[in-house]
Amino acid sequence: MIVVTGAAGFVGFHICRALLAAGADVDGLDSLNAYYDVRLKHKRLEILNAKQGFRFIHCDISKPAEVRAAVDTNAIEVIIHLAAQAGVRHSIEAPFAYEEANLRGHLSMLELARAAPRLSHMLYASSSSVYGDRAEGPFRETDRCDHPNSLYAATKRSCELLSESYSRLYGIKQYGLRFFTIYGPWGRPDMAYWLFSEAICEGRPVQLFGEGLLRRDFTFVGDVAPAILAMTTQAPGDDAPHEIFNLGNSKTSSVLDLIGVIERNIGRTVPHILAPAQPGDVTSTCADITRARARFGFDPRVGIDVGIPQFLDWFKHYRQNID
Ligand SMILES: NC(=O)c1ccc[n+]([C@@H]2O[C@H](COP(=O)([O-])OP(=O)(O)OC[C@H]3O[C@@H](n4cnc5c(N)ncnc54)[C@H](O)[C@@H]3O)[C@@H](O)[C@H]2O)c1
C-alpha cells in the first residue's frame, strides 16, 4: 500500500490518479484545509473515491498520533509526502501555518516511515524556492541552498535537512523532489496562471508583480507524474539513500509570456498593471534536470503553449459547473 499525503491537493490528486491507474492501493491523507476553495478539493476526491484501491483518510498530518491511528503501518510500502502549506506570499502573513504543516508535518511523516516495518522508501515534495533569488540558472541539485528568500522556502529546505538526518540515523531511504512551478488541469487557485486566467475570462485587468519580468520554469503536471511513478518502483541504492531531484521543465518563460498565451487562448486582452516584485518573490527559476532524466527517464515535453490551453479547457468547464 502507498500512502499519499495531500491527496486532495493539486499534485497529490494527479499522483493518486496515476498510481490507481497503475493498479496500486492508495491511502490518501488530507486535512482539507481552507487555504483555497475546499469545493475543488472535494471535487478531486469525488474522482479518486470512485476508483478501486483508493481510501481517503481525513486527518492532520502534523498530529503524529492522528496519523498512526488512521493508517495501518504494517501495510505501508511507499510514502509520497506532498501535504504542505504551499504558497510563498502567504508565508509572510501566516508563518505559523508553515511551521505546523511543513516542519511538524514532515517530521510526523518521517516518524511514520520509521514505524513502518515494510517501508521501501519515501518521496517528499520540496521546492525550487530553496535555490533562493538567483539570476543565473540552471539550478543544480549540488548548488548550495543557504539563502531562502521566504519562510516557505526555509521550511522546504529544513524538510530536506530533517530527511537527511533520518536517512543517516535510521536508514530511511528517500527521494526529495524539488518541484518547479507545476501547473495543469485541476490546478491551484492561488497560483498566477489561475489568477490571470480568471481575470482575463472576466475582462478584469491583471496585476504583474516584478513588472511582468519575473521568469519561471513552468512545468506541466502530466510531465511530472510518470517520473514520480518510476520513483515509487525504484528505491534509492545504499550508496545514495537520500537523493534530491529537480523536477522542472528546464525552460523558463516570463510572466508576460504566460499572460500572452492565456490572452490568445481566451481571445481577449486586458490592461496590465505593472507592480513591483513582492517580498519573497525570486527573479527567475530554471531547473537542470540531468539527474532525474538519467535516473528515471524524466522527459518533460509540454511547454506553456500546449499546457496552458489544456489547463484552460479544464478551467472553463470547471467554472461553469462549480456554482
Ligand atoms: N504546485 C507547485 O507549483 C509546487 C511547487 C513547489 C513545491 N510544491 C509542493 O508540492 C506539494 C503539493 O503542492 P500542491 O500544489 O499540490 O498544493 P495543494 O495546496 O494543492 O496541496 C496540498 C494539500 O495538502 C493538504 N494539507 C495541508 N496541510 C495539511 C496537514 N497538516 N495535514 C494534512 N493535509 C494537509 C491541503 O489540504 C492540500 O490539499 C506541496 O508540498 C508544495 O509545497 C508545489
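Just so we're clear, the structure is a prediction, and the values are computed from it rather than from any experiment.

Cut-offs applied
- Residues numbered from 1 in each chain as written.
- Predicted model: local features only at pLDDT ≥ 70, side-chain atom pairs only at ≥ 80, totals over all residues.
- Helix = DSSP H or I, 4+ residues; strand = E, 2+ residues; numbered from the N terminus.
- Near = placed C-beta within 6 Å.
- Nonpolar A, V, L, I, M, F, W, Y, C, P; charged D, E, K, R; others polar.
- Buried ≥ 20, exposed ≤ 12 C-beta atoms within 10 Å, placed from the backbone.
- Contact = placed C-beta atoms within 7 Å.
- Expected span 1.5 Å × (residues − 1).
- Bend = angle between axes of the 7 residues up to and from the residue.

Undergrad: What should I look at first to understand unusual backbone geometry in this one?
TA: Where the residue is not glycine, phi is negative for most of them; where a peptide bond is considered, it is trans in most cases. A cis amide bond links glycine 137 with the next residue in sequence, proline 138, at an omega value of -5°. As for its placement among the helices and strands, proline 138 is situated in the loop between strand E5 (121-127) and helix H6 (151-170). Unusually for a residue other than glycine, leucine 32 sits at a positive phi of about 55°. Tracing the backbone shows leucine 32 in the loop between strand E2 (26-30) and helix H2 (38-49).

Undergrad: Please explain the site of the ligand as it appears in this structure.
TA: Near the ligand you find 28 residues, and of these Gly6, Gly9, Ser31, Ala84 and Ala125 are the closest. Of all elements in the fold, only helix H1 (10-21), E2, helix H5 (95-115) and E5 reach the threshold of two or more residues within the shell around the ligand. Element by element, the count of residues in the shell around the ligand is highest for H1, at 3 residues. Partitioned by chemical class, the residues of the shell around the ligand number 14 nonpolar, 10 polar and 4 charged.

Undergrad: What is the right way to look at the environment of isoleucine 92 in this model?
TA: One can find isoleucine 92 in helix H4 (residues 90-93). Overall, the presence of 15 C-beta atoms within 10 Å leaves isoleucine 92 in the partly exposed class. With 58 residues separating them in the primary sequence, isoleucine 92 and serine 150 have C-alpha atoms 7.7 Å apart. The residues touching isoleucine 92, leaving out its near neighbours within four places in the chain, are Pro279 and Gly280.

Undergrad: Where do I start with H5 in this structure?
TA: A rise of 1.5 Å per residue sets the reference length of H5, with its 21 residues, at 30 Å; its end C-alpha atoms lie 29 Å apart and thus fit the reference within 8%. The largest bend along H5 measures about 30° and falls at glycine 105. Three or more residues of H5 are buried, namely Tyr98, Ala101, Asn102, Gly105, His106, Ser108, Met109, Leu110, Leu112 and Ala113. Looking at the buried side of H5, the elements it contacts are strand E1 (2-5), helix H3 (64-70), strand E4 (78-81), H4, E5 and H6.

Geometry only, nothing functional implied.
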